[in-house]
Amino acid sequence: MLISQDWVTRILGAANSGWSVSSEDLDSGFVRVGFETEGYAALPETTGPLVIGQVVEIEELTQFKKPIRYCQVNVGQANGTGELQGIICGARNFRLNDYVVVALPGSELPGGFKIAARETYDHISNGMMCSAAELGFGDKANGIIVLGDEVADKVGEDARPIIGLADTAFDVNITPDRGYALSARGLTREVAAAFDLSFPDVAQDPSVAGVDTSAVPQPQGALIDVDLRDETKAQRFGLRKVSGIDPTARTPFWMERELMLSGQRSVNLATDVTNYVMLLLGAPMHAFDANVVSGNLVVRTAAEGEKFETLDHVKRELSAGDVVICDDNGIQSLAGVMGGTTSEISEETTDVYFESAIWDPITVARTSRRHKLSSEASRRFERGVDPAIVEVALDVACALLQHIAGGTIEAGRTLVGDVAKREPITLRTAKPSEYAGVEYSRETVIQRLREVGCDVTDNGDELQVTPATWRTDISMDVDLIEEVLRLEGLEDIPTVLPTPAGGRGLTPTQKRRRAIGHGLAYAGYAEVLPAPFIANDTFDVWGLDKDDPRRQTVPVQNPLEADKAVLSTTLLPNMLEAIARNVARGRSDLALFGLQQVAFKRAEASPMPSVESRPSDEVVADLLGT
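Residues numbered from 1 in each chain as written. Predicted model: local features only at pLDDT ≥ 70, side-chain atom pairs only at ≥ 80, totals over all residues. Heavy atoms only, no water.

Turning our eyes to something else, we now look at the overall build of the protein. Check the secondary structure of the protein and you find 16 helices and 32 strands. With the principal axes as the frame, the protein shows a C-alpha extent of 95 × 70 × 55 Å. Put simply, the protein shows about 31,800 Å² of open surface, and 49% of that area lies on carbon and sulfur atoms. On the protein, the mean spot of the 59 positive side-chain charges and the mean spot of the 92 negative ones are 7 Å from each other. (Helix = DSSP H or I, 4+ residues; strand = E, 2+ residues; numbered from the N terminus. Areas by Shrake-Rupley, 256 points an atom, 1.4 Å probe, with all protein chains shown as cover. Lys, Arg positive; Asp, Glu negative; His and termini not counted. Charge placed at Lys NZ, Arg CZ, Asp CG, Glu CD.)

The antiparallel open sheet is built from three strands, whose spatial order is S26-S28-S27. Edge positions in the sheet fall to strand S26 (425-428) and strand S27 (455-459), since each has one partner strand and no second. Pairwise comparison of adjacent strand axes, ignoring direction, gives a mean angle of 25 degrees for this sheet. One ladder, built from five bridges, connects S27 with strand S28 (residues 462-466); its direction is antiparallel. When the sheet's bridge partners are listed, Val456 is paired in S28 with Val465. Against the sheet, helix H11 (residues 442-451) engages S26, S27 and S28, with an angle of about 160 degrees to S27. (Pairing = 2+ DSSP bridges. Axes fitted to C-alpha atoms, helices over the stretch in contact; angles between N-to-C directions. Contact = heavy atoms within 4.5 Å.)

Moving on, we come to the UniProt feature "domain: TRNA-binding" (unreviewed entry) in the protein. Per the UniProt annotation, the sites labelled "domain: TRNA-binding" (unreviewed entry) are residues 44-160. Secondary structure across residues 44-160 divides into 1% helix and 37% strand, with the first and last C-alpha atoms of the span separated by 12 Å. (UniProt positions renumbered as here; feature names shortened; annotations may be inferred.)

With that settled, consider the pattern of salt bridges. Per the counting criterion, the structure on display carries 39 salt bridges. Two residues, Glu258 and Arg257, come together in a salt bridge whose shortest N-O distance is 3.7 Å. Judged on exposure class, the residue Glu258 and its partner Arg257 are both buried. Because the salt bridges share partners, they merge into one network encompassing Arg178, Glu190, Arg471, Asp473, Glu482, Glu483 and Arg486. (Salt bridge = Lys/Arg side-chain N within 4 Å of Asp/Glu carboxyl O. Buried < 20%, exposed > 50% of the residue type's maximum accessible area, 1.4 Å probe, protein only.)

Phi angles above zero are rare outside glycine, and Asn97 is one such case at about 75 degrees. Structurally, the position occupied by Asn97 is in the loop between strand S5 (85-89) and strand S6 (99-103). Although it is not a glycine, Asp122 sits at a positive phi angle of roughly 65 degrees. Position of Asp122 among the secondary structure elements: in the loop between strand S9 (118-120) and strand S10 (123-125).

What follows is about the domain arrangement of the protein. When its domains are assigned, the protein resolves into domain 1 (2-43 + 167-201), domain 2 (50-158), domain 3 (207-417), domain 4 (425-488) and domain 5 (508-593). The distance between the C-alpha centroids of domain 2 and domain 5 comes to 72 Å. (Domains from an automatic or database assignment.)

The next thing to look at is the sheet that holds strand S1 (residues 2-4). The strand order across the open sheet built from three strands is S1-S13-S2, with neighbouring strands paired in antiparallel fashion. Of all strands in the sheet, those bounded by a partner on one side alone are S1 and strand S2 (37-42). The sheet shows a mean angle of 20 degrees between the axes of neighbouring strands, taken without regard to direction. In this structure, S2 lies alongside strand S13 (residues 168-172), joined through five bridges in antiparallel fashion. Its bridge partner lying in S13, Ala41 is registered against Ala169. The strands touched by helix H5 (residues 253-261) within the sheet are S1 and S13, with S1 carrying the most contacts at an inclination of about 135 degrees.

So, about the pairing of strand S16 (residues 285-289). Extensive coverage of S16 is indicated by the burial of five of its five residues. Neither face of S16 is exposed, since Met285, Ala287 and Asp289 on one face and His286 and Phe288 on the opposite face are all buried. With five bridges joining them, S16 and strand S23 (residues 352-358) adopt antiparallel strand pairing. By the bridge assignment for S23, Asp289 is matched with Val352.

This next bit is on the nonpolar core. Grouped together as the largest cluster of nonpolar side chains are 116 residues, with contacts concentrated most on Phe237, Val277, Leu280, Leu281, Phe354, Trp359 and Leu449. Sorting elements by how many residues they give to this core places helix H9 (residues 390-405) first, with eleven residues. With sequence-adjacent residues up to four places away left out, Leu280 is seen in contact with Trp7, Ile11, Ser183, Ala184, Arg185, Val202 and Ala209. (Core = buried A, V, L, I, M, F, W, Y, C linked by side-chain atoms within 4.5 Å.)

Written as structure tokens, this is what we have:
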């Protein structure tokens, strides 16, 4: 997860006035609560005069092979004269009177690119209007940086503090069980615990992140009908609509900046809003062109062989295990992975449907791997998304889009499915101390559990702990113990090697196996390690009788190779393959042996013990067949 230090500081600063730390301390803070970083890097330095300018004249130069503009830019007194600055620019994403970032002659951009007055396209260009990529915010940029009217009184001033060039990007390694941390909300919670700060939850108060949702109307009735079928295993599905937006509205630079520093590229305003909400709250969303969507929506599993073109313009053949969102015209989205081309946001879009849903993690993971289509959305759904975030995500997205592009937020909201109730977990207050060998007080245990969002009821020696909705990885008391130990500091747990009990030597079975191996090796045989899987048609090729016991094979549900999907009942097939490979390479004088387990099918299904507790002696005996 890529995130800027400035974003973390601003969110936490809403409840901890004046708080800030160095990049080194922030990196140590992440590590302290169990999140290693792949590294962090400050934005590259730009030296010399880098100022805010306003484009006051644009001359289109049409005599060249590509469209070029000669612009007169007001940079105030930054050039020492107050006169307009003539600058050549090939970008097309700015308009007359827009505010831009100008590198004047004498400045030096990242990479050692020095700016000087020079003749180009038959004009003298006195500086450069900069893109985000040229200043080090990202690798690519669609045009130059365009700022809003909030900088109207800052023409000629230093642009660095205005666009946030003094920042550091962190690459935080998120383990698969902590999907909640793939967001600014999740990571700021962890940083707050690392530095003992108050945590301002942006899901409870979006204004923490500068989002005003006061204009979002309270939902009144359904927007459209959605048939969310049980076969999809989806938990929730929500939909809201913003009508009459300005299709020419552009993504503001502050949003583009957060997207770029988080590894995302700007696409269009509505899509950028969904990506920003995903990075802020950890809730992947999708934006549909509401004028293209026809009728109500059906969320179902795909028919085997159904065709669908995703946003990357690849036509895909779907499987019955894929979940799709459909309207009267057909499939509009591959749920949890990627939308489709038919209802994508375009330059003419004026009405937008925002969709936020909670998809089944396993279904999304299988779809993503089946189609070799990993997306930022699928990464989060595979790890688990907070089911209670749907309403908040919809409101924040609608508020952002309306604030930037105008329009009306419809009062209707479609919401299907409920947030599953989390069952409380009983935890003895002394248990974390017993596990770690470090004394943790009751107050410390309760505080740490509440810091990770748990609801804690103190019953003396025992606690009733209800995990937060976003902590899908917490299901038993040892998970709670892990949270306490992690936040208190794993480095404080003493490293003491246990004294092993005296051994009793090898068992008779082990002695017999070792003796056979040694005997064969002394006789000149070379040991091989036969693979546990054999080809599906091995015994048909051999012509074995149907009632031959070697045909009692155990199938593998998720084989490494589709044509070798059964466990071997004899070592001969793989040993014969080893002999064939040696003979094919000219080694005909050889003697091989193998000692390996084989498997025979005893029942149609194997008993599956619960993972919630240690299996009983009876369950173990059943598994071993004794």
